[in-house]
Amino acid sequence: MKNDVRKFTIDEMCALVEMDRRTVRYYIQKGLVDRPEGVGKGAYYTHAHLEQLLAIRKWKRAGVSLDRIQEILADGKGGAPGGQPLPPPPPRKKGAVEVWSHLNVSDGIELHIEPTRAGLSPGQVRALFRDVMKVAGKIREEKS
């Protein structure tokens, strides 16, 4: 009987998910990815490991923090790669500390964002602020 379970070395796995060894091992250490099967030089990865790493890559590219990715994967909502919307963030916990970005558009107009909850990377937040400033300026020009 032929064993149909595909086995990957760490180098093969890294090439498939476009990550380096150090990153894959870090995700294993953090518990985002299961430990490889086997031990030592006989250790290997399976299709399940590949799916975990692809899910992490998808969420990282969407600007989601590793802590949030860990929550998503623990909830089993990692979803299939390919543009599924982000699941809603968990409800705020009493006493939780959040870091908010604040944009003072003009007198009386402010924009507050918690990038992690919004699922935005720092670059996306900067782009949003830049676009908000452009739109606010355009609206003011139309008004005058």
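Quantities reported herein were computed from a predicted structural model and do not represent experimental measurements.

Here is what the cut-offs are and how they apply
Residues numbered from 1 in each chain as written. Predicted model: local features only at pLDDT ≥ 70, side-chain atom pairs only at ≥ 80, totals over all residues. Heavy atoms only, no water. Axes fitted to C-alpha atoms, helices over the stretch in contact; angles between N-to-C directions. Helix = DSSP H or I, 4+ residues; strand = E, 2+ residues; numbered from the N terminus. Parallel < 35°, antiparallel > 145°, perpendicular 65-115°, else oblique. Left-handed = near helix turned anticlockwise from the far one by under 90°. Contact = heavy atoms within 4.5 Å. Salt bridge = Lys/Arg side-chain N within 4 Å of Asp/Glu carboxyl O. Buried < 20%, exposed > 50% of the residue type's maximum accessible area, 1.4 Å probe, protein only.

Engineer: Describe the packing of helix α3 (residues 47–61) against helix α4 (residues 66–74), and please don't skip the residues or the numbers.
Structural biologist: Where α3 contacts α4, the two axes come as close as 10 Å, and the packing angle between them is 135 degrees. Comparing the axis directions of α3 and α4 gives the class oblique. Judged by the twist between their axes, the crossing of α3 over α4 is right-handed. Contacts between α3 and α4 involve Ala-55, Ile-56, Trp-59 and Lys-60 from the former and Leu-66, Ile-69, Ile-72 and Leu-73 from the latter.

Engineer: Describe the pattern of salt bridges, naming the residues involved and giving the relevant values.
Structural biologist: A complete count under the given rule lists five salt bridges for this structure. When the shortest N-O distance is used, the salt bridge between Glu-18 and Arg-57 registers 3.5 Å. Residue Glu-18 is found in the loop between α1 (10–17) and α2 (21–30), and its partner Arg-57 is found in helix α3; the two are separated by 39 residues along the sequence. By relative accessible area, which is 58% here, Glu-18 ends up exposed. Residue Glu-71 is joined to Arg-68 by a salt bridge in which the shortest nitrogen-to-oxygen separation is 3.2 Å. You can see Glu-71 and its partner Arg-68 sitting in helix α4, three residues apart, about one turn around the helix. When its relative accessible area of 32% is taken as the criterion, Glu-71 is described as partly exposed.

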